[in-house]
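As a plain string of letters, each chain reads:
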Amino acid sequence: NFFSHVSSDMKRQYWFHDIQLSLCRLTMKRLLSTSHSSVDSKEMKKFQLLAQKWWDEEGEFSALHSMNDIRVPFIRDTLLNMSSNYHLGNPLSGVKILDVGCGGGLLSEPLGRLGASVTGIDPLEDNIRTADQHKSFDPVLAKRIQYKSSSLEEIVEESMETFDVIVASEVVEHVADLETFIKCCSQVLKPEGSLFITTINKTQLSYVLGIVVAEKIIGIVPEGTHEWEKFVPPEELERLLESNGFSVKTVNGMLYNPLSGSWSWMESTSVNYAMHAVKSGAQGQSSPTDALSEVESEQPSATAGTTV
């Protein structure tokens, strides 16, 4: 034994050095968890007041409910076009999806109905309670979806390269540190995995329509939900993604019609847009979309009920 041949003074020096290292690591961990968190406490307070209203299709989240009509097929069809296998009734069977900022589960549930194994995370415990309660009404969803009250950073260590797909829908305009958020997405996503983002561009038109009209005049979104300064231009988002090992494949403009309460695709990205990016793959790694062909089809169940 090495320590049997050294003096008591030397042993004390070694122990003191170990304690110093441990304290340094603890200090760095605390600094990273506070100064580099993507969670914005002000944003959490906003959504805390709305936690019980997620499943009111005529309420404050009505626009998010109707967004499923285009965002769910966008995710589904993009993934299926990257794979050669289809599972009747469960087209996303075998795919592990992380829904970041899942709220009450408005997007997690239709993805689960398509056969995916979904993990929904949200820093607000009230949101997770609402999501858990709603999925419990459907035994199929109860098995396919799990929710966790957590930030993205908090699951990185336990979920390195775990997920085939990450969805961050109407989330990036609410985070405190977008670059940290993107880096964490890359860490928990498998090589060649897909990242889907929907968000709001930072333009004069988005300020008028997204804040003045939507929040102050029509009231389809609670006043104070958005801050124009935190909106993200697609060029900036694409730059951040590419600098963190992603390749952007698709950028589509989105338009909401408040009269019909419906969404549609459009060429312009001047207000809302959807983006699909793929993480660069490691040599010798199989594509996560192979999960669609590796897992045997389950019994058919209800699909999301949306079409392109």
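As shown above, the structure is provided for reference.
Residue indices follow the written sequence of each chain, beginning from 1 at its first position. Given that this is a predicted model, residues contribute local features only at a pLDDT of at least 70 and side-chain atom pairs are listed and counted only at 80 or more, while totals for whole chains, interfaces and linings are drawn from all residues. Only heavy atoms go into the side-chain values, all of them from the structure, while hydrogens and water stay out.

Draft legend 1. Highlighting the environment of cysteine 185. Secondary structure counts use DSSP, requiring at least four H or I residues in a row for a helix and at least two E residues in a row for a strand, with both numbered from the N terminus. In this fold, cysteine 185 is placed in helix α8 (residues 178-188). Residues cysteine 185 and phenylalanine 163, 22 residues apart in the sequence, show an inter-C-alpha distance of 9.6 Å. Here, residues are in contact when the closest pair of their heavy atoms is within 4.5 Å. When neighbours within four sequence positions are excluded, cysteine 185 is seen to be in contact with Leu152, Ile166, Leu195 and Phe246.

Draft legend 2. View of the sheet that holds strand β4 (residues 163-169). With mixed pairing, the 8 strands of this open sheet are ordered in space as β3-β2-β1-β4-β5-β8-β6-β7. Edge positions in the sheet fall to β3 (145-149) and β7 (262-266), since each has one partner strand and no second. When the angles between neighbouring strand axes are averaged without regard to direction, this sheet yields 20 degrees. Here an angle of 0 to 180 degrees is reported between the N-to-C directions of two axes, which are lines fitted to C-alpha atoms, with helices fitted over the stretch in contact. Taken strand by strand, helix α5 (residues 125-135) contacts β2 (117-122) and β3, and its axis lies near 165 degrees from that of β3. Here helix α10 (residues 234-243) sits on the sheet and contacts β5 (189-200), β6 (246-257) and β8 (272-279); the angle it forms with β8, its principal contact strand, is near 10 degrees. Note on pairing: two strands pair once DSSP finds at least 2 bridges between them.

Draft legend 3. How the structure looks around the pairing of β5. Most of β5 is tucked away: 10 of the 12 residues are buried. In this sheet, β5 lies alongside β4 in parallel orientation, the contact comprising 6 bridges. Considered in β5, the bridge of alanine 168 is made with isoleucine 197. A crossover gets the label right-handed when its path from the first strand over the helix to the second runs clockwise, viewed with the strands pointing away from the viewer. For the segment spanning β4, α8 and β5, crossover handedness is right-handed. Only protein chains enter the accessibility calculation, which uses a 1.4 Å probe; a residue whose area is less than 20% of its type maximum is buried, one above 50% is exposed, and one in between is partly exposed.

Draft legend 4. How the structure looks around the pattern of salt bridges. By definition, a salt bridge exists where a carboxyl oxygen of Asp or Glu is found within 4 Å of a side-chain nitrogen of Lys or Arg. Enumeration over the complete set of coordinates arrives at 9 salt bridges. Arginine 129 is the partner of glutamate 125 in a salt bridge, and the nearest nitrogen-oxygen pair spans 3.8 Å. Here glutamate 125 and its partner arginine 129 are both found in helix α5, 4 residues apart, which amounts to about one turn of the helix. The partner of aspartate 126 in a salt bridge is arginine 129, with the nearest N and O atoms 2.2 Å apart. Of this pair, aspartate 126 and arginine 129 both sit in helix α5, 3 residues apart, roughly one helical turn.

Draft legend 5. Structural context of the packing of aromatic side chains. Stacked, tilted and edge-to-face are the three classes assigned to paired rings of Phe, Tyr and Trp, where Trp is represented by its six-membered ring and a pair needs centres within 6.5 Å; plane angles under 30 degrees give stacked, over 60 edge-to-face, the rest tilted. Taken as a whole and assessed by the stated rule, the structure comprises 4 aromatic pairs. Centre to centre, the rings of tryptophan 54 and phenylalanine 61 are 3.8 Å apart; their planes meet at 5 degrees, and the pair counts as stacked. The buried category is assigned to phenylalanine 61, whose relative accessible area is 6%. Pairwise contacts between aromatic rings join Phe74, Phe196 and Trp265 into one cluster. Two conditions define a charge sitting above a ring: the NZ of Lys or the CZ of Arg must be within 6 Å of the ring centre, and it must be within 35 degrees of the ring normal. One Lys or Arg, lysine 96, reaches over the ring of phenylalanine 163 and ends 5.9 Å from the middle of that ring.

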